[in-house]
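Listed below are the residues making up each chain.
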Amino acid sequence: MPQQIICILQSVFNPRNKTVYTVAYPKGMELSLTWKEATTILADHNVDYFFTNKRFSLVTKPFIESYAPPMIYLKIVAFKVEIVGVYLKLFEDWLTI
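Now for a quick tour of the structure. All residue numbers refer to positions counted from 1 along the written sequence of the respective chain. Residues qualify for local features only when their pLDDT is at least 70, as the model is predicted, and side-chain atom pairs are given and counted only at 80 or more; totals for whole chains, interfaces and linings, by contrast, use all residues. With hydrogens and water set aside, each side-chain value is computed from the structure's full complement of heavy atoms.

**Overview of the pairing of strand 1 (residues 5–10)**
- Relative accessibility thresholds used throughout: buried, under 20% of the residue-type maximum; exposed, over 50%; partly exposed, between the two (1.4 Å probe, protein chains only). Helix numbering and strand numbering both begin at the N terminus, where a helix is a DSSP run of H or I of at least 4 residues and a strand a DSSP run of E of at least 2. Most of strand 1 is tucked away, with five of its six residues classed as buried.
- The turn joining strand 1 and strand 2 (residues 17–22), which pair antiparallel and follow one another in sequence, is formed by six residues. A pair of strands is treated as paired once DSSP finds two or more bridges between them.

**Focus: the packing of aromatic side chains**
- By convention, a stacked pair of Phe, Tyr or Trp rings (six-membered ring in the case of Trp) has centres within 6.5 Å and planes under 30 degrees apart, an edge-to-face pair has planes over 60 apart, and any other such pair is tilted. What the rule picks out here adds up to eight aromatic pairs.
- Centre to centre, the rings of F91 and W94 are 5.6 Å apart; their planes meet at 40°, and the pair counts as tilted. Here the residue F91 and the residue W94 both occupy positions in helix 2 (residues 88–96), the gap between them amounting to three residues, near one helical turn.
- Assessed through its relative accessible area of 0%, F91 is described here as buried.
- Looking at W94, the relative accessible area reads 10%, which means it is buried.
- Every member of this aromatic cluster is reached through a ring pair, and the members are F50, Y67, Y87, F91 and W94.
- By definition, being over a ring means that NZ of Lys or CZ of Arg is both within 6 Å of the ring centre and within 35 degrees of the ring normal. In this arrangement the basic side chain of K61 is found over the ring face of W94, its NZ or CZ atom lying 4.7 Å from the centre.

**Re the sheet that holds strand 2**
- Taken together, the five strands give an open sheet; going across it, the order is 3-2-1-5-4, and neighbouring strands pair in antiparallel fashion. Two strands close off the open sheet at either side, each with one partner strand: strand 3 (29–32) and strand 4 (49–51). Shown here is a sheet whose adjacent strand axes are inclined to one another by a mean of 25°, direction ignored.
- Relative to strand 3, strand 2 runs antiparallel, the two sharing four bridges. In the sheet register, T19 faces strand 3, and the bridge partner there is E30.
- Sheet strands touched by helix 1 (residues 35–44): strand 1, strand 2, strand 3, strand 4 and strand 5 (57–60). Its angle to strand 1, the strand with the most contacts, is close to 170°. Structural elements are reduced to axes, namely lines fitted to C-alpha atoms, with helices fitted over the stretch in contact, and the angle between N-to-C directions of any two is expressed from 0 to 180 degrees. Note on contacts: a residue pair is in contact if any heavy atoms of the two residues lie within 4.5 Å.

Listed below in structure tokens is the structure:
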């Protein structure tokens, strides 16, 4: 279910793949998926998401536990995501909406 997606990261092994972290798969599952396909799925299911580093990573709003610039701490998964400097202000604005 797209509403259970915590974050999506570009695979470190194959840039054409994405690692999708969900409530059911907090260790992630690698899928052959484009960013366009990923964002279309999220948008079609009204999942609020934000790209944190160009097209390398995105997070979904319901699973953000806390934010201490430049790190985003997520619920369920055992890691944090860094947001690049140029997106900090946009992210903070998005987070408060």
